[in-house]
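Spelled out from the first residue to the last, the chains are:
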Amino acid sequence: MGSSHRNRWLVATAGMSALTLLTACGSSSSTASTTPSSASTGSAATGGGSDVSAAKAAAAKFEQAPTTINAKVPLTGKVEQGRTYVVIGCELPQCKVISDGAIEAAKAIGWKPQYLQYKTTDGATLTSAMKDALQYKPIAVSPIGFSQAVWTQLQPVYKAAGIPIVPIAVGDVEPSDTVTLGSSSQVDYAAAGEVIANWFIGDSNGKGKALVQDVPAFAVLKAYGDSVKATVKKGCSSCSTTALDVAPAQLATNSLVPAVVSALQKDRSIKYLLTTDGAFIAALPSALKAAGITDVKIAGGAADINNTQALVSGTEAAWTLEPTDQFGWVGVDIAARKLLGMPIEPAQILRPLMLATQQNVGTPTNFLTAPKDYRDQYKKLWGA
């Protein structure tokens, strides 16, 4: 497994002991398989027309680097100052980027951040950290990256204590009076999947056939993949998608890329590969070249620096970029709105998003670095 894969928390560890924790972004009940299953979304008619125009217009809205955060409504009051805000993260690099942002945001709004850490190779540390958080009598707690299913049994305890749980980067969030809609949840990934689907419709002139590679055991990725397929089905009468669902264990054995190559060899009419996580297919361009496949465009979500560099070189076509360093800021904003009794609506808490291609990618990075002044924008909303 290459370094870019090791640095992505979705593939934190290869061992079976870690598979429970690989639900960090939420588990799905779907059965994964490397056997492509056709999901035709329309007959191979002429394409083009209003489908293409609508898709291009929808995708174009995200082609410029965002200059504003999605939250626009100022807080209706001042949150209680000096209280402890607990952030629960893991030992992996992406987890640290997110937790660092949450800690910084907590300080900005006037809270005292307390950081707790769990191990991605030890499932018991997840619930232990959630229990330990209670001793601080926090104003709110934000678990980063592990499934709600793991700590759902603790929700009654948190409810009794009057402590809201604000998940960050959790893909199976079910909001309640205690659990808020999360920062960077399945809602965000579904929105990003819609963008890449519209890019595909427009780029293919409404006639494209795409292989949609997904790891549905991870709920955020499933949300992305399902959104891609649903958007294509709804928005392009002459396009089609074929699903390629991969199990988590296959990531550790490096069998994902061979499965993609095999699927594309099986159906040479497919000219697009849309993946739910760019880090998983780092070796794909060279593998396709070795297989003599040079006419398939590679695109998808959760791009890392290898993918954005590939945009510059032209070996990959399009990626939706996400601002990992802002996830914690969004989480603190959600917590504040919850505490003030304000509505928490998806339009207000969606993370910024950009559709990157060779024409607009700029300097390759591991995540979206816009808007540049997001800190100041949040502080203004908070009156901080």
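Residues numbered from 1 in each chain as written. Predicted model: local features only at pLDDT ≥ 70, side-chain atom pairs only at ≥ 80, totals over all residues. Heavy atoms only, no water.

### Here's the deal with the pattern of salt bridges
Quick reminder of the rule: Every case where a carboxyl oxygen of Asp or Glu lies within 4 Å of a side-chain nitrogen of Lys or Arg is listed as a salt bridge. Partly exposed residues are those whose accessible area sits between 20% and 50% of the maximum for their type, while under 20% is buried and over 50% is exposed, using a 1.4 Å probe and protein chains only. Numbering of helices and strands runs from the N terminus; a helix is a DSSP stretch of H or I covering at least four residues, while a strand is a stretch of E covering at least two.
Using the criterion set out here, one finds 12 salt bridges in the structure. A salt bridge links E80 to R83, with the nearest nitrogen and oxygen atoms 3.0 Å apart. The exposure class of E80 is partly exposed, given its relative accessible area of 46%. Between D203 and K297 there is a salt bridge; the shortest N-O distance is 2.9 Å. Within this pair, whereas D203 is found in helix 7 (residues 186-203), its partner K297 is found in strand 8 (residues 297-300), the two being separated by 94 residues in sequence. Its relative accessible area of 37% is what places K297 among the partly exposed residues. Residues joined in a network through salt bridges with shared partners are K222, D226 and K229.

### Points about the layout of surface pockets
Under the convention used in this document: A cavity, in this analysis, means grid points on a 1 Å lattice covering only the protein atoms where a 1.4 Å probe fits yet has no way out; a pocket is instead an open set bounded by protein on both sides within 12 Å along at least five of seven lines, and a residue lines either one if it has an atom within 4 Å of a point. Grid points are joined across faces, edges and corners, and a volume is the space filled by probe spheres set on the points. Classification used: nonpolar for Ala, Val, Leu, Ile, Met, Phe, Trp, Tyr, Cys and Pro, charged for Asp, Glu, Lys and Arg, polar for all others including Gly.
In this model, the largest pocket occupies a volume close to 340 Å³. Residue assignment for the lining of the largest pocket shows that the elements contributing at least two residues are helix 2 (50-60) and helix 7. Element by element, the count of residues in the lining of the largest pocket is highest for helix 7, at five residues. Within the lining of the largest pocket, the residues separate by chemical class into 10 nonpolar, five polar and four charged.

### Concerning the packing of aromatic side chains
Rule in force here: For this analysis, a ring pair means two rings from Phe, Tyr or Trp (six-membered ring only for Trp) whose centres lie within 6.5 Å, classed as stacked if their planes differ by under 30 degrees, edge-to-face if by over 60, and tilted for the remaining angles. Placement of a charge over a ring requires the Lys NZ or Arg CZ to be within 6 Å of the ring centre, with the centre-to-atom vector within 35 degrees of the ring normal.
Under the criterion given, the structure shown has eight aromatic pairs. Arranged with centres 5.4 Å apart and planes meeting at 40 degrees, the rings of Y85 and W111 form a pair that is tilted. Pair noted here: Y85 is in strand 2 (residues 84-89) and W111 is in the loop between helix 3 (93-109) and strand 3 (112-117), with a separation of 26 residues, a long-range link. The class of Y85 is buried, set by a relative accessible area of 0%. Members of the aromatic cluster, each reached through a chain of ring pairs, are W329, Y374, Y378 and W382. The ring of Y189 carries the charged tip of R351 above its face, separated from the ring centre by 4.3 Å.

### Considerations on unusual backbone geometry
Cis geometry marks the peptide bond from A370 to P371; its omega dihedral reads -5 degrees. Tracing the chain through its elements places P371 in the loop between strand 10 (354-357) and helix 15 (374-382). A positive phi angle is found at N205, which is not glycine, with a value near 55 degrees.

### A closer look at the side chain of S99
Rules: Contact between two residues is taken to exist if any of their heavy atoms lie within 4.5 Å; hydrogens are not considered.
Secondary-structure assignment places S99 in helix 3. Judged by relative accessible area, which is 2%, S99 ranks as buried. Dropping the residues within four chain positions of it, S99 is found in contact with V87, Y115 and I144.

### Looking at the pairing of strand 5 (residues 209-214)
Consecutive side chains along a regular strand alternate between the two faces of the sheet. Filter applied, for reference: Here, a strand pair is defined by DSSP locating no fewer than two bridges between the strands. Orient the strands so they point away from the viewer; a crossover is then right-handed if the path from the first strand over the helix to the second runs clockwise.
The element strand 5 is largely enclosed, with a buried count of five among its six residues. Two elements, strand 5 and strand 6 (residues 240-245), share six bridges in a ladder whose sense is parallel. If you follow A210 over to strand 6, its bridge partner there is T241. Assessed by its sense of winding, the connection that carries the chain from strand 5 through helix 8 (residues 219-235) to strand 6 is right-handed. Where strand 5 meets strand 7 (residues 272-275), four bridges bridge the pair, whose relative direction is parallel. When the bridges of strand 7 are listed, A210 appears paired with Y272.

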